[in-house]
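Summary of the model geometry
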Amino acid sequence: MTQFSQSNVCLEVCIASLDDALATATDANRLELNAALPLGGLTPSLAVLRHVKQAVTIPVIAMVRPRAGGFAYSTTDRRVMFLDAELFLENGADGIAFGFLDGDGQVDRIACCDMLRIIGNRQAVFHRAFDVTPDPSIALEQLIDLGVTRIMTSGQKPTAIEGAPLIQKLIGQGAGRIEILPAGGIRPHNVQALIAATGCSQVHASLRGPMEDRSTLARPLIKFSQELNEPEHRHSATDPMLVKQMRVMLGRS
C-alpha cells in the first residue's frame, strides 16, 4: 500500500451555498457545490456557482444530478443535465460531478461519453453512483477507459471507514490511471485512520453542523420537506470549526 504524509492529502469539502464556501476560508483545497445535501446532493443553481467562483480561488466542482432515487435517467433528464454542465463550465466551474447508470446498475457508457465531451479538459468526477455498481473492479476499468478524472466512493459501504478495504484495492487497481476520492462519513476523528487504511491522497467531507431558522415555529406541524425527518426550523451548514479541525488533522498542503 502506498503511504502518503498527511500534508499531501487534498481536502475537498462538500458545500451547498455561498455561506458554506466562505466558511471553508483557506482550509479546503477544493469544493464540490451541490443543492439538497440531505438528498445526497443535487444540481445547484447557476447563481450560487457564479458567486462561489467570485469568492474563492480554489477549484469548484459542480454537481449535475437532477433528482434523488437512482441514476438511470430519461432522455429529457439527460438533456437538462448536459445543458446544466455546459452552463456551469461556461461560468467558471473547474469540473463536473456526474453519474450515469443503466437499469442494471452498470456504467452507462453512452451517456458518460456525451457528458465527457461537454467537460472536455476540465475535471470529470464520477460520483457515488459508483457505489451501487454490481462489480466495482469492472466499473473502475470502464471509467478509466472513458477518461474520467476521478471516482468518488465509500468503498460500496455506508461509510468510507467501513469501505476502506475496497478503497485501498481500487487505489491499487487504478495505479495512477484514475484518482480515487474517498467519501462518506469522513470526519476529523476518523480521517487519519482512513488514510492509514487506504493510502488515499485526497478525501471528500461534508463538514456540517446544525442551524435553526425559527420562522416556521408558529406552525410546527406543517411540513414542506416530505422526504426528510428533520423539523422545518432546522437545517445544516458548513461548520468552519470542523473544517479547521479537519485541516489540522491533515496538515497543510
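Relevant structure appears above.
In what follows, the accompanying structure is described. The model shown is predicted, which means the values in this text are computed figures rather than measured ones.

Turning to the pairing of strand S4 (residues 95–98), a few remarks are in order. On a regular strand, one side chain projects to one face of the sheet and the next to the other, so that they alternate. Of the two faces of S4, the one lined by Gly95 and Ala97 and the one lined by Ile96 and Phe98 are each fully buried. Relative to S4, strand S3 (residues 60–63) runs parallel, the two being bridged by three bridges. Bridge assignment links Met63 to a residue of S4, and that residue is Ala97. You can see the chain leave S3, run along helix H3 (residues 75–90) and come back into S4, and the turn it takes is right-handed.

Next up on the list: the side chain of Thr153. Locating Thr153 in the fold gives a position in strand S6 (residues 150–153). Of the residues examined, Thr153 reaches a relative accessible area of 0% and is grouped as buried. Not counting residues within four places of it along the chain, the set of residues in contact with Thr153 comprises Arg128, Phe130, Asp131, Ile167, Leu170, Ile180, Leu181, Pro182 and Ala183.

Applying the stated criterion to the full structure yields four aromatic pairs. On the numbers, 6.0 Å between centres and 50 degrees between planes, the contact of Phe82 with Phe100 is tilted. Within this pair, whereas Phe82 is found in helix H3, its partner Phe100 is found in the loop between S4 and helix H4 (109–119), the two being separated by 18 residues in sequence. Among the residues examined, Phe100 registers a relative accessible area of 1% and is labelled buried. Between the aromatic rings of Phe98 and Phe100, the centroid separation amounts to 5.9 Å while the plane-to-plane angle is 45 degrees, which identifies the pairing as tilted. One exposure class covers both Phe98 and Phe100, and it is buried.

Each value, and the rule that gives it
- Residues numbered from 1 in each chain as written.
- Predicted model: local features only at pLDDT ≥ 70, side-chain atom pairs only at ≥ 80, totals over all residues.
- Heavy atoms only, no water.
- Buried < 20%, exposed > 50% of the residue type's maximum accessible area, 1.4 Å probe, protein only.
- Helix = DSSP H or I, 4+ residues; strand = E, 2+ residues; numbered from the N terminus.
- Pairing = 2+ DSSP bridges.
- Right-handed = clockwise from strand over helix to strand, strands pointing away.
- Contact = heavy atoms within 4.5 Å.
- Phe/Tyr/Trp six-rings, centres within 6.5 Å; stacked < 30°, edge-to-face > 60°.

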